[in-house]
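Chain residues, written in single-letter form:
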Amino acid sequence: MYDRILISTDGSDLAKKGVDHGLALAKALGVDAIIVTVTERFPVFSSGAGYDLAWSDAALSEYAQGQKQAADGILLGAKQAADALGVTAATLHVPDAEVGEAIIAAAREGGCGLIVMASHGRRGLGRLMLGSKASEVLTHSDIPVLVVR
């Protein structure tokens with residue numbers, strides 16, 4: 001049914017449930033997986049009065065290094081879980097990107113027939129206040145999405 005599955009993770013305990021479910025599905029179907037984590041751009045806040053902060057190259061570099069280290073750790077743990085199950089899995093870190101867009105793009109570029117990700121399943125005001133990457137992917141993806149809760 002699916003030739004390859006993209007599994008998205010941010011390293012949280014909830015995302016681990018999505019990774020475990022995605023890997024179990026990949027194993028059951030005998031297909032490969034791509035495990036992706038996305039790190040967002042350096043947050044820049046505007047005062048609205050024309051006084052924006054200018055960050056030094058050193059601060060931006062330190063942020064990028066920290067994001068890469070975090071992503072490497074997240075992907076290492078997920079790759080070890082895949083190896084333990086005997087699932088062939090590639091890992092991918094997409095830096096400086098909008099999460100939902102990057103997940104969809106990675107699935108398309110990787111030739112994935114399914115995206116697996118976790119979600120808190122918040123509704124109403126909770127979803128509005130916190131946002132939902134899963135909701136964003138569901139809304140914009142033409143690739144089927146399996147949401148694990």
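Fair warning: this is a prediction, and the values are worked out from it, not measured in the lab. (Residues numbered from 1 in each chain as written. Predicted model: local features only at pLDDT ≥ 70, side-chain atom pairs only at ≥ 80, totals over all residues. Heavy atoms only, no water.)

> Sorry if this is basic, but what is going on with the packing of aromatic side chains here?
The relation between two aromatic rings is expressed through the spacing of the ring centres and the mutual angle of the planes. As enumerated under the stated definition, the model contains 1 aromatic pair in all. Taking the centre distance of 4.9 Å and the plane angle of 90° together, the rings of Phe42 and Tyr63 count as edge-to-face. Here Phe42, found in the loop between β2 (32–38) and α2 (57–85), pairs with Tyr63, found in helix α2; they are 21 residues apart in sequence, far enough to count as distant. (Phe/Tyr/Trp six-rings, centres within 6.5 Å; stacked < 30°, edge-to-face > 60°. Helix = DSSP H or I, 4+ residues; strand = E, 2+ residues; numbered from the N terminus.)

> What should I look at first to understand the packing of helix α3 (residues 99–109) against helix α5 (residues 133–140) in this one?
Two measures define how a pair of helices packs: the angle their axes make with one another and the distance between the axes. Two elements in contact, α3 and α5, have axes separated by 8 Å at closest approach and are oriented at 50°. Between α3 and α5, the crossing angle belongs to the class labelled oblique. Regarding α3 and α5, the two cross each other, and that crossing is right-handed. Contacts from Val99, Gly100, Glu101, Ile103, Ile104 and Arg108 in α3 reach Lys133, Glu136, Val137 and His140 in α5. Here the residues of the contact of α3 with α5 are counted per class, giving 4 nonpolar, 2 polar and 4 charged. (Axes fitted to C-alpha atoms, helices over the stretch in contact; angles between N-to-C directions. Parallel < 35°, antiparallel > 145°, perpendicular 65-115°, else oblique. Left-handed = near helix turned anticlockwise from the far one by under 90°. Contact = heavy atoms within 4.5 Å. Nonpolar A, V, L, I, M, F, W, Y, C, P; charged D, E, K, R; others polar.)

> When you look at unusual backbone geometry in this model, what are you seeing that I'm missing?
Trans peptide bonds make up the majority, and among non-glycine residues the majority have a negative phi. Look at Asp96: it is not a glycine, yet its phi comes out positive at around 55°. On the secondary structure map, Asp96 appears in the loop between β3 (89–94) and α3. Judged by its relative accessible area of 44%, Asp96 falls in the partly exposed class. (Buried < 20%, exposed > 50% of the residue type's maximum accessible area, 1.4 Å probe, protein only.)

> Sorry if this is basic, but what is going on with the environment of Leu114 here?
Tracing the backbone shows Leu114 in strand β4 (residues 114–118). Residue classification places Leu114 among the buried residues on the basis of a relative accessible area of 3%. When the C-alpha atoms of Leu114 and Leu146 are compared, they prove to be 7.2 Å apart, with 32 residues separating the residues in sequence. If we skip the residues at most four places from it in the chain, Leu114 touches Tyr2, Arg4, Ile5, Leu6, Leu25, Ile143, Pro144, Val145 and Leu146.

> Quick question: what am I supposed to make of the sheet that holds β3 here?
Note: strands within a sheet are paired through backbone hydrogen bonds, in either parallel or antiparallel orientation. Ordered in space as β3-β2-β1-β4-β5, the 5 strands form an open sheet in which the pairing is parallel. Only two strands of the sheet have a single partner each, and these edge strands are β3 and β5 (145–148). Each strand axis lies, on average, 20° off the axis of its neighbour in the sheet, ignoring direction. Lying over the sheet, α2 contacts β2 and β3, oriented at roughly 165° with respect to β3. (Pairing = 2+ DSSP bridges.)

> Explain the environment of Val36 here, please?
By the secondary structure assignment, Val36 is in strand β2. Expressed as a C-alpha distance, the spacing of Val36 and Ala71, which sit 35 residues apart in the sequence, is 9.1 Å. When residues no more than four places from it in sequence are discounted, the contact partners of Val36 are Leu6, Ile7, Ser8, Thr9, Leu75, Leu92, Val94 and Ala106.

Read these as layout, nothing more, since geometry by itself doesn't imply function.
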